[in-house]
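Observations on the model geometry
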Amino acid sequence: MNIADLRDRILKQERRALARAITLVESAREDHRAQATELLEGLSGAGRQSLRIGLSGTPGVGKSTFIESFGMMLTAQGLKVAVLAVDPSSARSGGSILGDKTRMERLSRDRNAFIRPSPSQTHLGGVARRTREAVALCEAAGFDVILIETVGVGQSETVVAEMSDLFLLLLAPAGGDELQGVKRGIMEMADIILVNKADGALKTTAMRTCADYAGALRLLRKRPQDPKGFPKAMTVSALEEDGLSAAWDEMTELMEWRKTEGHWRARRAAQAQFWFHEEVRQGLLARLNQLSARSRMQELDAQVAAGAMTPSQAALSMLENLE
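So, here's what we can say about the structure. What you see is a predicted model; the values in this text were computed from it and never measured. (Residues numbered from 1 in each chain as written. Predicted model: local features only at pLDDT ≥ 70, side-chain atom pairs only at ≥ 80, totals over all residues. Heavy atoms only, no water.)

1. Re the overall build of the protein
For clarity, the threshold we go by: Think of it this way: any DSSP run of H or I at least four residues long counts as a helix, any run of E at least two long counts as a strand, and we number them from the N terminus. Burial classes follow relative accessibility: with a 1.4 Å probe on protein chains only, a residue under 20% of its type's maximum area counts as buried, one over 50% as exposed, and anything between as partly exposed. Any two residues having at least one pair of non-hydrogen atoms within 4.5 Å are treated as being in contact. Here the Shrake-Rupley method, with its probe set to 1.4 Å, supplies the accessible areas, and only the displayed protein chains count as covering residues.
Looking only at helices and strands, the protein has 14 helices and seven strands in total. Counting only residues that meet the buried cut, the protein has 46% of its 323 residues in that class. Across the protein, the fraction of contacts at a sequence separation of at least 24, relative to all contacts at a separation of at least 6, is 75%. Carbon together with sulfur atoms contributes 51% to the accessible area of the protein, which is approximately 16,700 Å² in total.

2. Some words on the pattern of salt bridges
Pairing between side chains of opposite charge can happen when their charged atoms approach one another. The criterion, for reference: Here a salt bridge means any side-chain nitrogen of Lys or Arg lying within 4 Å of a carboxyl oxygen belonging to Asp or Glu.
All told, the structure shown has 22 salt bridges when counted by the stated rule. We note a salt bridge from Asp-165 to Arg-268, for which the minimum N-O separation is 2.7 Å. Note that Asp-165 is positioned in the loop between strand 4 (145–149) and strand 5 (166–171) and Arg-268 in helix 12 (residues 263–287), a separation of 103 residues in sequence. Residue Asp-165 is classed as buried on the basis of its relative accessible area of 5%.

3. Re helix 11 (residues 244–261)
Where we set the bar: To estimate how far a helix should reach, multiply one less than its number of residues by 1.5 Å. The directions from the helix axis to the C-beta atoms form the arc being described.
Over its 18 residues, helix 11 extends 26 Å from the first C-alpha to the last, a length consistent with the 26 Å expected when each residue adds 1.5 Å. When we look at burial in helix 11, the residues that qualify are Leu-244, Ala-247, Trp-248, Glu-250, Met-251, Leu-254, Met-255 and Arg-258. For helix 11, the buried positions fall inside an angular range of 160° around the axis, keeping them on one side. A positive backbone phi angle near 85° is found at Gly-262, which sits one or two residues after helix 11.

4. Some points on the packing of helix 1 (residues 3–11) against helix 3 (residues 30–43)
The condition is simple: Throughout, an axis means a line fitted to C-alpha atoms (over the contacting stretch in the case of helices), and angles, computed between N-to-C directions, take values from 0 to 180 degrees. Note on terminology: angles under 35 degrees are roughly parallel, angles over 145 are roughly antiparallel, angles of 65 to 115 are roughly perpendicular, and the others are oblique. By definition, turning the near helix anticlockwise from the far helix through less than a right angle yields a left-handed crossing, and turning it clockwise yields a right-handed one. Any residue outside Ala, Val, Leu, Ile, Met, Phe, Trp, Tyr, Cys, Pro, Asp, Glu, Lys and Arg is labelled polar, Gly included; the first ten of those are nonpolar and the last four are charged.
The interhelical angle for the contact between helix 1 and helix 3, taken along N-to-C directions, is 45°, at an axis separation of 10 Å. With respect to each other, helix 1 and helix 3 are oriented oblique. In terms of crossing hand, the pair formed by helix 1 and helix 3 is right-handed. Taken together, the residues of helix 3 that come into contact with helix 1 (itself represented by Ile-3, Leu-6, Arg-7, Ile-10 and Leu-11) are Gln-35, Glu-38, Leu-39, Gly-42 and Leu-43. Of the residues that constitute the contact of helix 1 with helix 3, the class distribution is six nonpolar, two polar and two charged.

5. Some points on the pairing of strand 4
Selection rule: Strands are labelled as partners when DSSP assigns at least two bridges between them.
For strand 4, a buried count of five out of five residues is recorded, marking the element as mostly surrounded by other parts of the structure. The side-chain alternation of strand 4 yields two buried faces, one formed by Val-145, Leu-147 and Glu-149 and the other by Ile-146 and Ile-148. Both strand 1 (residues 51–57) and strand 4 contribute to a ladder of five bridges, which runs parallel. Across the sheet, residue Leu-55 finds its bridge partner in strand 4, namely Glu-149.

6. Some points on the packing of aromatic side chains
By convention here, two paired aromatic rings are described through the distance between centres and the angle between planes. For the record, the criterion: When the centres of two rings from Phe, Tyr and Trp lie within 6.5 Å, Trp using its six-membered ring, the rings pair. Their planes under 30 degrees apart give stacked, over 60 give edge-to-face, and anything left gives tilted. By definition here, charges over rings are those cases where NZ of Lys or CZ of Arg is within 6 Å of the ring centre and within 35 degrees of the ring normal.
Applying the stated rule across the entire model yields four aromatic pairs. An angle of 65° between the planes, with centres 5.8 Å apart, marks the rings of Phe-70 and Trp-248 as edge-to-face. With Phe-70 in helix 4 (residues 63–76) and Trp-248 in helix 11, the pair connects residues that are 178 residues apart, well separated along the chain. Pair check on accessibility: Phe-70 and Trp-248 agree, each one buried. The interplanar angle of 40° and the centroid separation of 6.0 Å between the aromatic rings of Phe-114 and Phe-143 together place this pair among those described as tilted. Note that Phe-114 is positioned in strand 3 (residues 113–119) and Phe-143 in the loop between helix 7 (131–140) and strand 4, a separation of 29 residues in sequence. The class for Phe-143 is buried, based on a relative accessible area of 4%. Put simply, the rings of Phe-66, Phe-70 and Trp-248 pair up and form one aromatic cluster. Cation over ring: Lys-80 sits above Phe-143, and NZ or CZ is 4.9 Å from the ring centre. Over the aromatic face of Trp-264 sits the side chain of Lys-259, whose NZ or CZ is 4.2 Å from the ring centroid.

Read these as geometric descriptors, not functional statements.
Okay, here's the thing in structure tokens:
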């Protein structure tokens, strides 16, 4: 693969080159990892910056419908939108359906939109291990807004906040009261909470749920990166495309304030440090897959199973063997 040619084609905003590059960075092969690193280094000097928006929520809350309606609204304004949708992988087979693009039929046909579903594989936190690198590729390809959709299965899907400038939490009407909202975890990461499905018979319930979570947000400790009034809760209807413009206005207002106050640059610097530490951790775990390490692990496994060693003793012995 000609990395220099691939880099130039991405900078020229060729969609096929972008898709091929994302496939490259998602590969676990050692030669592909070396090529991916070379490609990302070559694109790092492009100086292009997108608005990265992380999006999470429980299954069935309407994430795909919201992304399609929201994305169509942005492309109608002349903005280029990339969607990186992370699909959960089966714990048994390891496979993923990757059906998010099928759900976004209108947006997938839009010339100003790019949708890429990826499997989460064994990575925890709601995103795939290489989603951050896919974001960097989309940024270099000239997209104005990058939407990162997590698998969204609970309150632990917070890693997306470490690769986005803005984190949206989508909730369903009657999804919990203010006590549920005070629970730590994903609530502390959210910049804006959007109560979806505020239409039809659920509109009144959605308004009440929004009020509950707005009250819960006031109980959380104020963060330095938030202006007055943030984080906040709002109601939207992705189906009827109601409230999307108001939500976008709030997002742009928040990001402009953070840029002016210096929080944008500081946040991206902190995220770079986070992913440096993460790469070191993942590299150390990869050493356990080497032949000599696997052999030692099997020996210690047998001793632990026989009761000759405690798990703590065996772990200490294994770590000493890696030094």
